[in-house]
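# Residue-level structure breakdown
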Amino acid sequence: LVGRTAAGWYGPAAGFSAAVALLLMPRLVTHAHLASLETMITLAYTASVLSLADRWNSKVAPGWRQTVVPGLLLGLALLTKIQAVLLGPPVIIWAVWRFRSRAVAPLACWGAIGAVVFLVGWPWLWLDPVDHLVEYFARTTNRAQLSVFYLGQKTSDTAVAWHYAAVMFAVSVPLGLHLLAACGLASRGWRWWSDPRAVLLVACIAFPLVLFAVPGIAVYDGTRLFLVVFPLWAILVGRGTPVVAEWCQRRLT
């Protein structure tokens, strides 16, 4: 998914590099070998973001047909794990930035389809939708605190230093991959802020990292809670690869 998307957007070299970058991210590969939900929510989150970026890339506000597949993927993400709620704020902000008031209808359709899939796909909710929804979201916040060992100190998960998520993200990815992504984002030839797809990727990467920097928000287990950002970062790594390749070619010729 990551390789084909990057290749379609930025060329074969970017697609190959993005796919390889994904395999070179140790935490992501490790979680793929564990019987946990992280790999599946990461897939669902990535598919949802890439579907929106691809189908809502036109300057014209998307019609209802362009909301069906992203809405279905949103519903599947919600059915997979609670991290799917991280999609809401960056997508809403991005859509309003892109389409202004014309974003209201497609966003409403996107959210409605996702909610219907979420409800239909979870029979437990059919018995008592309101109370069970409240119970589900309450259960994700009302739980025993976990201990976190960070920078030589043991703290509770709600008292971890604000920079925990950013530092864990930085040290969990090989430095060369970070440099490739940074070169792409800093390139004068590719103004990423004028590329709506890249803006959505950056927003969906930045929001979880910023959220887990807010004091009082529980964060633990290294990168597990924000593992969803890594495939999106791999696409930016892929975009930076041809930028670096072109720079090297100019220097050597």
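To start, this report covers the structure provided alongside it. (Residues numbered from 1 in each chain as written. Predicted model: local features only at pLDDT ≥ 70, side-chain atom pairs only at ≥ 80, totals over all residues. Heavy atoms only, no water.)

## Regarding the overall build of the protein chain
We apply this condition: Every helix listed is a DSSP run of H or I at least four residues long, and every strand listed is a run of E at least two residues long, numbered separately from the N terminus. Note on method: radius of gyration uses C-alpha positions; expected globular size equals 2.2 Å times residues raised to 0.38. Classification of residues uses two cut-offs on accessible area relative to the type maximum, computed with a 1.4 Å probe and protein chains only: under 20% is buried, over 50% is exposed, and between them is partly exposed. Two residues qualify as a contact provided that any one of their heavy atoms is within 4.5 Å of a heavy atom in the partner residue. A 1.4 Å probe and the Shrake-Rupley method give the accessible areas. Residues count as covered only by the protein chains that appear here. Residues scored as positive are Lys and Arg, those scored as negative are Asp and Glu, and His as well as the terminal groups of each chain are ignored. Where a charge lies is defined by one atom per residue type, namely NZ (Lys), CZ (Arg), CG (Asp) and CD (Glu).
Along the protein chain, the regular secondary structure elements total 13 helices and two strands. Compactness check: the protein chain gives a C-alpha radius of gyration of 19 Å against a globular reference of 18 Å for 253 residues, within 12% of the reference. Taken along the three principal axes of its C-alpha coordinates, the protein chain extends 70 × 50 × 30 Å. Counting all 253 residues of the protein chain, 44% fall into the buried class. Counting only contacts in the protein chain whose residues sit at least 6 apart along the sequence, the fraction spanning at least 24 positions is 72%. Roughly 13100 Å² of accessible area belongs to the protein chain as shown, and the carbon and sulfur atoms make up 69% of that amount. Side-chain charges of the protein chain comprise 19 positive and 9 negative groups, with the mean position of each set lying 15 Å from the other.

## Topic: the packing of aromatic side chains
Convention followed: Two rings from Phe, Tyr or Trp (for Trp, the six-membered ring) form a pair when their centres sit within 6.5 Å of each other. Planes less than 30 degrees apart are called stacked, planes more than 60 degrees apart edge-to-face, and all others tilted.
Counted by the stated rule, this structure contains 12 aromatic pairs. Judged by centre distance (5.6 Å) and plane angle (70°), the rings of Y10 and W190 are edge-to-face. Placement of the pair is Y10 in helix α1 (residues 2-10) and W190 in the loop between α11 (175-186) and α12 (196-211), with a sequence separation of 180 residues. Of the two residues, Y10 and W190, neither departs from the other in class, the shared state being buried. Among the aromatic residues, those joined into a cluster by ring pairs are F118, W122, W124, Y136 and F137.

## Quick notes on the environment of L252
If you trace the backbone, L252 turns up in helix α13 (residues 229-252). A relative accessible area of 76% means that L252 is categorised as exposed. As a C-alpha pair, L252 and G121 span 131 residues in sequence and 56 Å in three-dimensional space.

## Some details on the pairing of strand β1 (residues 147-150)
Each regular strand carries side chains that alternate between the two faces of the sheet. For clarity, the threshold we go by: We call two strands paired when DSSP finds no fewer than two bridges between them.
Burial of β1 is one-sided: the residues V148 and Y150 facing one way are buried, the residues S147 and F149 facing the other way are not. As paired elements, β1 and strand β2 (residues 153-156) share four bridges and run antiparallel to each other. Pairing of F149 across the sheet is with K154, part of β2. Where β1 hands over to β2, the hairpin turn is made up of two residues, of which L151 adopts a positive phi near 55°.

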